[in-house]
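Observations on chain architecture
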Amino acid sequence: MTPALHHYLIVSALLFSLGLLGVVTRRSLLIIYMSLELMLNAANLALVAFSRFNNHLDGQVMVFFIITVAAAEVAVGLALIVAIFRRRQTTHVEDLATLKL
Amino acid sequence: MKLAFLPWLILFLPLLAAAWIMLFTRANRCRSAALSISAVVLGFVGTLTFVGANGFHPVQPEVSVTWLAVGGLDIAFGLRLDALSLLMMLVVTGVGGAIHIYSWGYMEEDRCFSRYFASLSLFTFSMLGVVLANNFLQMFIFWELVGVSSYLLIGFWYERASAADAAKKAFLTNRVGDFGFLLGILTFWGLAGSLNFEAIKEWMDNGIGFGSTDPIIVQSGLTLAGLLVFCGAMGKSAQFPLHVWLPDAMEGPTPVSALIHAATMVAAGVYMLSRTFFIYTPDALSVIAWVGGFTALLAAVVAVQQNDIKRILAYSTLSQLGYMVMAVGVYAPSAGMFHLVTHAFFKALLFLGAGSVIHALHHEQDIWRMGGLRRRMPVTFWTFMVGTLALAGVWPFSGFFSKDSILATAQHHSPALFVLGAAVAALTTFYMFRLVFVAFLGPERTSEASHAHESPWVMTWPLRLLATFSLIGGVLGIEGLLTGFYDPVGSEHPNGLAAQVFYPFAHAPVAASVGLASVAAGFLAAHWLYRNVAEDPLPARIGALSRWMRNKFYFDELYEATVIRLQDTAATVIDWFDRWLVAGAAVRGTAGVTRLVGQALRLVQTGSLQTYTFLFVLGVAIVLFAVLGR
């Protein structure tokens with residue numbers, strides 16, 4: 001049995017949900033960040049799958065762009081997390097509440 | 001028309017003087033007074049020059065510029081220059097000028113000298129504006145300015161509560177009348193489509209727009225509109241039932257009383273009636289005549305039992321104003337205006353004389369604390385006598401001629417009003433001679449009275465000047481000028497001096513002799529009752545009536561109990577409505593609900609990013625379900 005489109009989409013949805021669960025439930029900035037990347041890649045998987053099954057390369061191109069942007073984003077995001085850790089000695093989101101009313 | 005710029009200059013000079021005094025010369029008393037006086041005296045000279053160059057009937061009686069045009073409404077700012085306004089300008093600037101000069105002496109010691117002269121100039125400017133206006137709106141604006149400046153002057157000594165109250169009373173009472181005036185103006189604008197006097201007159205004459213409607217409706221509409229306009233005159237000229245402010249206006253400095261009572265303010269009402277005489281229907285005129293007649297009688301009766309020298313004169317003014325209004329009501333605006341002019345002379349004279357007495361007695365105003373002033377203050381006494389005789393209407397003083405011309409027309413139009421007029425004439429003589437006998441003749445009643453001395457020349461010369469005009473004012477040809485103005489064809493008034501002096505006897509012998517008889521009766525009664533008495537004999541003789549007269553027939557109390565009570569109640573209810581429903585329920589209610597909702601919504605904002613994310617995803621899920629799930 002060759003995998004059909006909906007198999008890929010189910011995997012993508014599972015990955016996305018796992019990522020979301022991580023973002024909503026975990027309290028460490030780093031883990032949340034990794035979960036975010038997971039969600040991003042779930043989306044990439046869906047795009048690639050669509051591209052493949054529709055014989056259309058636009059999706060692939062878009063994925064390249066997303067990966068590029070994600071790489072830049074990771075660099076900036078990690079740098080911010082390091083900066084926050086240096087300043088506050090923590091990456092726990094519940095400690096980062098200075099903007100709270 | 002020659003010297004067309006002069007009227008503008010005359011009108012605006014006092015305003016300039018007022019502004020200049022308030023802005024630059026407040027500290028310099030002499031310069032303020034000189035500025036104010038020269039503005040009005042220049043106005044007088046300017047008016048004389050203008051009349052000399054153009055006569056009383058200029059070729060082009062109107063100059064105007066468009067002031068504003070809104071849709072169909074064109075408002076011009078214009079000057080009406082005809083016999084009526086030119087004569088009135090001479091009176092305002094002439095009598096006003098004498099009062100200005102007199103004020104220099106009278107107000108010498110007041111610390112707000114400059115403010116006084118600035119207000120005086122503003123007053124003169126407003127009055128000239130009323131006189132020169134060529135349309136209703138402009139007249140109304142200056143009319144209100146007269147109200148404002150009278151407020152400033154009556155309340156000049158505002159530290160005194162009674163003066164501040166009197167100023168408020170005058171202003172508010174006038175506002176009541178002015179509201180009617182405004183409604184009348186709007187009605188005429190609606191009917192005639194113009195505010196210009198000449199245009200309205202043309203419209204009235206031609207009856208354009210009358211044809212399509214039922215004549216009875218048109219007539220009653222015009223009567224109503226005319227009476228509404230008359231409301232304005234009732235306020236300014238203090239006619240019953242809006243007469244209550246005038247006696248209280250005595251709280252101002254005496255020269256101000258003279259100005260308000262003689263040349264300006266109260267004259268504005270009668271002048272307005274004469275200016276707009278053509279708009280009144282016969283029904284409206286008979287109402288006007290009876291209001292005037294009743295005011296004349298009421299005020300004369302009240303004046304008999306007043307003891308304050310200025311109050312006697314104030315009620316006398318009321319009574320004479322009633323006379324003038326009555327004259328307009330019996331189709332003789334010329335007689336009314338004639339009486340207004342002569343009255344301006346002798347009433348200014350009487351007030352300034354009273355001021356001279358008050359000044360000499362260190363602000364004593366009770367006539368029963370005077371006496372014997374004839375010997376101490378000869379100039380004041382003799383000029384006051386001239387004023388009294390003129391007011392009483394003794395031949396050949398000016399008052400006789402004007403009063404006679406009113407009585408003659410009243411006799412012609414309404415015998416009842418004629419009898420009323422004669423009775424008022426007798427009462428006038430009675431209370432004026434009561435005043436003279438008590439205050440000037442007889443023994444000195446207090447030590448102040450026996451130490452009184454004549455006022456300085458700056459006060460006595462205006463008295464002399466006004467006395468001269470009170471004497472000859474009746475034969476200067478004013479009456480001929482006015483009858484000629486209202487009836488250019490049928491006027492047969494003589495112009496020669498001798499002919500004028502005896503004109504009343506030839507023209508209407510009954511009126512003249514009845515007038516003189518009432519004067520004689522009034523004089524004899526006053527002589528019989530008040531010659532050399534220590535206290536007022538009238539209360540003992542007429543009892544309760546005297547008390548009613550002394551208390552002005554309790555009109556103030558009546559208004560206190562009705563109008564003011566009613567207004568207070570309404571104010572309380574509206575205050576409650578405003579405080580609890582508008583401010584409470586509407587404004588604070590809205591604010592409170594917003595605040596509560598805000599506080600409730602604040603609970604949603606936890607500050608935890610993950611909660612937001614969760615809610616966001618939940619939202620997306622719901623949207624997706626809504627879009628795709630069905």
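Above this note sits the structure.
Below: a short report on this structure. (Residues numbered from 1 in each chain as written. Chains lettered and ligands numbered in written order. Predicted model: local features only at pLDDT ≥ 70, side-chain atom pairs only at ≥ 80, totals over all residues. Heavy atoms only, no water.)

**Here's the deal with unusual backbone geometry**
Between phenylalanine 240 of chain B and proline 241 of chain B the backbone carries a cis peptide bond, its omega angle lying at 5 degrees. The topology assignment puts proline 241 of chain B in the loop between helix 8 (215-236) and helix 9 (245-248). Of note, glutamine 89 of chain A is a non-glycine position whose phi angle comes to about 60 degrees, a positive value. Relative to the assigned elements, glutamine 89 of chain A resides in the segment after helix 3 (58-88). Residue classification places glutamine 89 of chain A among the exposed residues on the basis of a relative accessible area of 56%. Even without glycine at this site, tyrosine 331 of chain B takes up a positive phi of about 65 degrees. Looking at the secondary structure, you find tyrosine 331 of chain B in the loop between helix 13 (309-329) and helix 14 (333-360). (Helix = DSSP H or I, 4+ residues; strand = E, 2+ residues; numbered from the N terminus. Buried < 20%, exposed > 50% of the residue type's maximum accessible area, 1.4 Å probe, protein only.)

**Some points on the pattern of salt bridges**
All names here are of chain B. Counted by the stated rule, this structure contains 13 salt bridges over all chains. Residues lysine 236 and aspartate 178 are paired through a salt bridge, measuring 3.8 Å at the closest nitrogen-oxygen approach. Taken together, the residues span a long stretch of sequence, with lysine 236 in helix 8 and aspartate 178 in helix 6 (residues 161-192) at a distance of 58 residues. With a relative accessible area of 2%, aspartate 178 lands in the buried category. (Salt bridge = Lys/Arg side-chain N within 4 Å of Asp/Glu carboxyl O.)

**Here's the deal with helix 1 (residues 5-23) of chain B**
An ideal rise of 1.5 Å per residue puts 27 Å on 19 residues; helix 1 of chain B measures up with 26 Å between its terminal C-alpha atoms. Next to the buried residues of helix 1 of chain B lie helix 2 (29-54), strand 2 (73-80), helix 3 (83-106) and helix 4 (113-132) of chain B. (Expected span 1.5 Å × (residues − 1). Contact = heavy atoms within 4.5 Å.)

**Examining the state of the cysteines**
Residues and elements named next belong to chain B. Here the structure, examined in full by the defined rule, presents zero disulfides over all chains. Free cysteine cysteine 30: the closest other cysteine sulfur is in cysteine 112, separated by 17 Å. Looking at cysteine 30, the relative accessible area reads 48%, which means it is partly exposed. (Disulfide = S-S within 2.5 Å.)

**Here's the deal with the packing of helix 18 (residues 415-439) of chain B against helix 23 (residues 509-530) of chain B**
All names here are of chain B. Two elements in contact, helix 18 and helix 23, have axes separated by 7 Å at closest approach and are oriented at 35 degrees. Note on packing geometry: the crossing formed by helix 18 with helix 23 is right-handed. Taking contact as the criterion, the partners of Phe418, Ala422, Ala425, Ala426, Thr429, Phe430, Phe433, Arg434, Phe437 and Val438 in helix 18 are, on helix 23, Ala511, Val514, Ser518, Val519, Gly522, Phe523, Ala525, Ala526, His527, Leu529 and Tyr530. Of the residues in the contact of helix 18 with helix 23, the class split is 16 nonpolar, four polar and one charged. (Axes fitted to C-alpha atoms, helices over the stretch in contact; angles between N-to-C directions. Left-handed = near helix turned anticlockwise from the far one by under 90°. Nonpolar A, V, L, I, M, F, W, Y, C, P; charged D, E, K, R; others polar.)

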